Amino acid sequence: MNAHVSQGGWPVLVLNADFRPLSYYPLSLWSWQDAIKAVFLDRVNIVEHYDHAVRSPSFEFQLPSVVSLKSFVKPTTHPAFTRFNVFLRDRFSCQYCGSHDDLTFDHIIPRSKGGQTTWENVVAACSPCNLRKGNMTTQQARMFPRQTAFAPTVHQLHRNGRLFPPNYLHGSWLDYLYWDTELDP
Ligand SMILES: [Zn+2]
């Protein structure tokens, strides 16, 4: 009933050597083909399996659902500047009116006035607010974002991410997600 599996994707959650996901946003996932390659190259351990195997006449391999890297990779502390991550930082709400519908991106300082496409200058905005603001600055439009746009840390996104879980999470992944923030309620 989910896109990945119905397309035969069998995505594999990739954990760092400390058993935390290699990345949350986006969640670190490999194709099962890449995961099996890494198993044979001795770069990962299999942590959990799917209840599904690939077979050839001479070969049967139960598909991993979770693998962990054998050597620790220093995690990134600065999340990627992506459309999804901007929405996540802004909790999928228009920064001018709070609406959750019809979200777009607004350049606080319009591009036509030299505004950059950066964490500090882009916020989630519903299309009515975006249209209303148009090419005006916040002063001209008398529209001010509810929070100052900022470059979030992984931890800040992670906290918001728990409010908006991804559409598809395999049951075997759940033990490896979110446990570090559950320690600080
Ligand atoms: Zn709005």
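Residues numbered from 1 in each chain as written. Predicted model: local features only at pLDDT ≥ 70, side-chain atom pairs only at ≥ 80, totals over all residues. Heavy atoms only, no water.

The name given to the protein in an unreviewed UniProt entry is HNH endonuclease, with Tardiphaga robiniae as the source organism.

A. Molecular detail of the packing of aromatic side chains. Taken as a whole, this structure holds seven aromatic pairs when the rule is applied. Aromatic pair Phe81 and Trp119: ring centres 5.1 Å apart, planes at 75 degrees, arrangement edge-to-face. Linking Phe81 in the loop between strand S4 (59-69) and helix H3 (83-89) with Trp119 in the loop between strand S5 (103-107) and strand S6 (122-126), this pair joins segments that are 38 residues apart in sequence. When its relative accessible area of 36% is taken as the criterion, Phe81 is described as partly exposed. Measuring from ring centre to ring centre gives 4.5 Å for Phe87 and Phe105, while their planes differ by 15 degrees; the resulting arrangement is stacked. Of the two residues, Phe87 is situated in helix H3 and Phe105 in strand S5; the sequence distance between them amounts to 18 residues. (Phe/Tyr/Trp six-rings, centres within 6.5 Å; stacked < 30°, edge-to-face > 60°. Helix = DSSP H or I, 4+ residues; strand = E, 2+ residues; numbered from the N terminus. Buried < 20%, exposed > 50% of the residue type's maximum accessible area, 1.4 Å probe, protein only.)

B. Main features of the sheet that holds S4. The sheet built from four strands is open, its strands ordered S2-S1-S4-S3 with mixed pairing. This sheet does not close on itself; its edge strands, each paired only once, are strand S2 (29-30) and strand S3 (44-56). By the bridge criterion, three bridges tie strand S1 (residues 12-15) to S4 in an arrangement that is parallel. Opposite Val14, over in S4, you have Val67 as the bridge partner. Across the sheet, helix H2 (residues 32-40) is in contact with S1, S2, S3 and S4; its angle to S4 comes to roughly 85 degrees. (Pairing = 2+ DSSP bridges. Contact = heavy atoms within 4.5 Å. Axes fitted to C-alpha atoms, helices over the stretch in contact; angles between N-to-C directions.)

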